[in-house]
Amino acid sequence: MPRLARLRRLGGKANGASGPVVGRISKPASVAAIVVPAAGFVVANIFYPNQQELVMMMVYLVMAQGINVIYGFTGYLPFGYAGFFGAGAYGLALSVMYLHVPAELGVVFAIVAAVVVAMLLSPLLRLDGVYFAIASLAATEALYVVISNPSLTAITKGPYGVNLIAVYNSNASFIAAVALVIVAMAVAVYLRSSRFGLALRAIRNDAVSAEYAGLRVVQHRAAAWLISAALAGAAGGIFAWYTSTFYPDAVFDTSISIFAIVFALFGGVGTVWGPALGAVILFGIYNAVGISEPQYFQLIYGVLIVLLVLFLPGGLAGLARHLVAGFNRIRGGAGRSASPLGPRTGDG
Amino acid sequence: MANPILAISDLAKSFGGFIALDGVSLELQEGEVVGLVGPNGSGKTTLINVVSGLYAPSRGTVTLGGRPLHGGPPHRVVRSGMNRTFQVPKSLGTLTVGENLRVASAHGAQRRTLEGDPLELVGLAGLERRFANSLNASQQKRLDLARALVTAPQVLLVDELGAGLSPAELDDAAGVLRKLAAAGIALLVVEHLMGFLAKVTSRVLVLNAGQQIFQGSLEEAVRDPQVVQVFLGG
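None of these values were measured; they are calculated from a predicted model.

Student: Would you mind going over the overall build of chain B in detail, with residue names and values included?
Tutor: In terms of regular secondary structure, chain B is built from nine helices and 10 strands. Whereas a compact globule of 234 residues would reach a radius of gyration of roughly 17 Å, chain B reaches 17 Å, a difference of no more than 12%. Over its C-alpha atoms, taken along the principal directions, chain B stretches across nearly 50 × 40 × 40 Å. For chain B, the residues scored as buried account for 53% of the 234 residues in total.

Student: Mind laying out the nonpolar core, listing which residues take part and the relevant values?
Tutor: By size, the foremost hydrophobic cluster in this structure holds 186 residues, and its most contacted members are A:Met58, A:Tyr60 and A:Ala114. Contacts of A:Ala114, omitting those with residues within four sequence positions, involve A:Phe84, A:Ala87, A:Gly88, A:Gly91, A:Ala229, A:Ala230, A:Ala232, A:Gly233 and A:Gly236.

Student: Give me helix H5 (residues 137–150) of chain B: which residues, what numbers.
Tutor: The end-to-end C-alpha separation of H5(B) is 20 Å, in line with the 20 Å expected for 14 residues at 1.5 Å each. Buried residues dominate H5(B), accounting for 12 of its 14 residues. Every buried residue of H5(B) is accounted for by B:Gln139, B:Gln140, B:Lys141, B:Arg142, B:Leu143, B:Asp144, B:Leu145, B:Ala146, B:Arg147, B:Ala148, B:Leu149 and B:Val150. On the buried face of H5(B), the contacting elements are helix H10 (207–212) of chain A together with strand S6 (82–84), helix H3 (97–107), helix H4 (118–122) and strand S7 (155–159) of chain B.

Student: Describe unusual backbone geometry, listing the residues and the values that go with them.
Tutor: The backbone of A:Ser244 sits at a positive phi, close to 65°, despite the residue not being glycine. On the secondary structure map, A:Ser244 appears in the loop between helix H11 (217–243) and strand S2 (245–246). You will see that B:Asp10, though not glycine, has its phi angle at about 50°, which is positive. Secondary-structure assignment places B:Asp10 in strand S1 (residues 6–15).

Student: Residue-level account of helix H9 (residues 195–205) of chain A, with values.
Tutor: A large share of H9(A) lies buried, amounting to nine of its 11 residues. Among the residues of H9(A), A:Gly197, A:Leu198, A:Ala199, A:Leu200, A:Arg201, A:Ala202, A:Ile203, A:Arg204 and A:Asn205 are the ones counted as buried. Here the buried face of H9(A) lies against helix H8 (170–193), H10 and H11 of chain A together with H3 of chain B.

Student: Please provide a residue-by-residue account of the packing of H8(A) against H11(A), values included.
Tutor: All names here are of chain A. The interhelical angle for the contact between H8 and H11, taken along N-to-C directions, is 165°, at an axis separation of 9 Å. As summarised for this structure, H8 and H11 are arranged roughly antiparallel, according to the angle between their axes. Here H8 and H11 pass one another in a crossing that is left-handed. Every residue of H11 that contacts H8 at Ser 170, Ser 173, Ala 176, Ala 177, Leu 180, Ala 184 and Val 187 is listed here: Ile 227, Leu 231, Ala 234, Ala 235, Ile 238, Trp 241 and Tyr 242.

Student: Describe the pairing of strand S8 (residues 186–190) of chain B, listing the residues and the values that go with them.
Tutor: Residue and element names in this part refer to chain B. Extensive coverage of S8 is indicated by the burial of five of its five residues. Neither face of S8 is exposed, since Ala 186, Leu 188 and Val 190 on one face and Leu 187 and Val 189 on the opposite face are all buried. Here strand S3 (residues 33–37) pairs with S8 via four bridges, running parallel. Across the sheet, the residue bridging to Gly 35 is Val 189, located in S8. Here five bridges tie S7 to S8, and the two strands are oriented parallel to one another. Note on S8: the bridge partner recorded for Leu 157 is Leu 188. Between the parallel pair S7 and S8, the chain is carried across by helix H6 (residues 167–182), and the sense of this crossover is right-handed.

Student: Let's hear about the pairing of S3(B): which residues, and what values?
Tutor: All names here are of chain B. Counting buried residues in S3 gives five out of five residues, a clear majority hidden from the surface. Along S3, one buried face is formed by Val 33, Gly 35 and Val 37 and the opposite face, lined by Val 34 and Leu 36, is buried too. The pairing of S3 with strand S9 (residues 203–208) spans three bridges and is parallel. Across the sheet, residue Leu 36 finds its bridge partner in S9, namely Leu 205.

Student: Hey, could you go over the environment of B:Ala181 for me, with residue numbers and the actual values?
Tutor: Residues and elements named next belong to chain B. Within the secondary structure, Ala 181 sits in helix H6. Linking Ala 181 and Leu 156, residues 25 residues apart in sequence, is a C-alpha distance of 9.7 Å. With near-sequence residues (within four places) excluded, Ala 181 lies in contact with Gly 31, Val 33 and Leu 187.

Student: Could you give me a rundown of the environment of B:Gly184, with the residues and numbers involved?
Tutor: All names here are of chain B. Within the fold, Gly 184 resides in the loop between H6 and S8. By the C-beta count within 10 Å, which is 19 here, Gly 184 ends up partly exposed. Distance from Gly 184 to Gly 81, taken between C-alpha atoms, is 13 Å for residues 103 residues apart in sequence.

Student: A description of the confidence of the model for chain B should follow, citing residues and the corresponding values.
Tutor: With 96% of its residues at a pLDDT of 70 or more, chain B has an overall mean of 91. Complex prediction metrics read pTM 0.86 and ipTM 0.93.

Reading the values: the criteria
- Residues numbered from 1 in each chain as written.
- Chains lettered and ligands numbered in written order.
- Predicted model: local features only at pLDDT ≥ 70, side-chain atom pairs only at ≥ 80, totals over all residues.
- Helix = DSSP H or I, 4+ residues; strand = E, 2+ residues; numbered from the N terminus.
- Rg over C-alpha atoms; globule rule 2.2 N^0.38 Å.
- Buried ≥ 20, exposed ≤ 12 C-beta atoms within 10 Å, placed from the backbone.
- Core = buried A, V, L, I, M, F, W, Y, C linked by C-beta atoms within 7 Å.
- Contact = placed C-beta atoms within 7 Å.
- Expected span 1.5 Å × (residues − 1).
- Axes fitted to C-alpha atoms, helices over the stretch in contact; angles between N-to-C directions.
- Parallel < 35°, antiparallel > 145°, perpendicular 65-115°, else oblique.
- Left-handed = near helix turned anticlockwise from the far one by under 90°.
- Pairing = 2+ DSSP bridges.
- Right-handed = clockwise from strand over helix to strand, strands pointing away.
- pLDDT = per-residue confidence, 0-100.

Okay, here's the thing in structure tokens:
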């Protein structure tokens, strides 16, 4: 096209659009992010006697990464995130009970159940901010009320909970949880380094502007929503498999959402390692203090949230970046963060 | 005369009972520049918003290269070959300048590709690694323009590029617009600064209260009694 040929002559050297990109993580760092947490849990399982605690830590790591996908990369904060976890737990339970599938396949049903719920709830993405948060919370409550309804006892076992003792296998479900950690970390790495992840960050910045960059905003948001739901559904399914007996109020509990959100925020959303570190550290503290002395844990938790909001809105990742930038300044460097956690991507 | 690249016909937009735009028609040829002027609230930005697909029109049609656009959505308008800038710059703030362009290049530019350096063209060369929210307002406006250019538009709607720029920056901006027109891009330029507009075009469309009151040369516009009354009062 002559017009373009003329336009080409207007410019000089390289196309700015294909220039160097800040924020991509290197291949070794990507591999480390995917392998190290999973390897850590495998090693911990050898030396640490409480396997259930490790599984729960992995479940929360995955949930925190799921929050990272939907909040860190698109800005939607779902207070009803536990709904997908519960849908996953029941997806696995019902497929095992009625279709007699092996639990490994049940995890696939868990993912499908959560994704179906997410598709049904996708109109919520039309809402913003606090309205979205509240609507997602209400949707989860509605789902809980349906599942735990005594009238549906014949199907869901109602409020009396389900028993999956026939497929109970702590080692197999532990391995499934490790595999899921690998998947969750890989998703975070993908979002940090892919065209899709960059698109989500663009949308989070300004949806109208992103549309005029040619982005299909609605489809991208929906894709992030479904990925986030799939992670929570798989986590719920593996939780159900590992514990084998649970009640609906345990898997639709709002505190699951709150934990996942706080873990992700503590570590730093929009990053690869932040939510994982947040889950490991805070869930570790919870197990050390929270179970024996729950009142102290609540106190620590409350103080932590206040401190986070006031002084560390970027979480641990933000702190690391700040320290590295400060160090570079003192050294007389460029002042640019060289943190493996990457530059800040969102306002969370 | 060749077929117009952009044809706007009897375009109207109302918000509830308020008629923001009423029966505007305009044709733009390849490489042609038309200034869109009018007092505050006359419907200039609304016209850009409707033409670029942000709002669906209440009446009328927009055709680009002979194909109707049916009022958006914006990403489809962009992929069809039309883009815009914003009166208040809308940079993707927590992305770097390079990433701002990379998003547009990856999603907005379909078959056509732009091989020139849009950053150099708009005077932002060397700032690829800066975060967009660390740029000043003038630089952010230019980044908006560069992002739009990466999508290789045939038609570009420029919303008050000149506002807030220094005299030297205004000269640069006018030079950039002239280069784009020379490269064949049709431009619809919303502007309050007549001196700036005179440097890029001699043809204007004047709006008042959503209605087109004049279309013709800038020279004639300043002598048109209705235009004079709208701008200077009775």
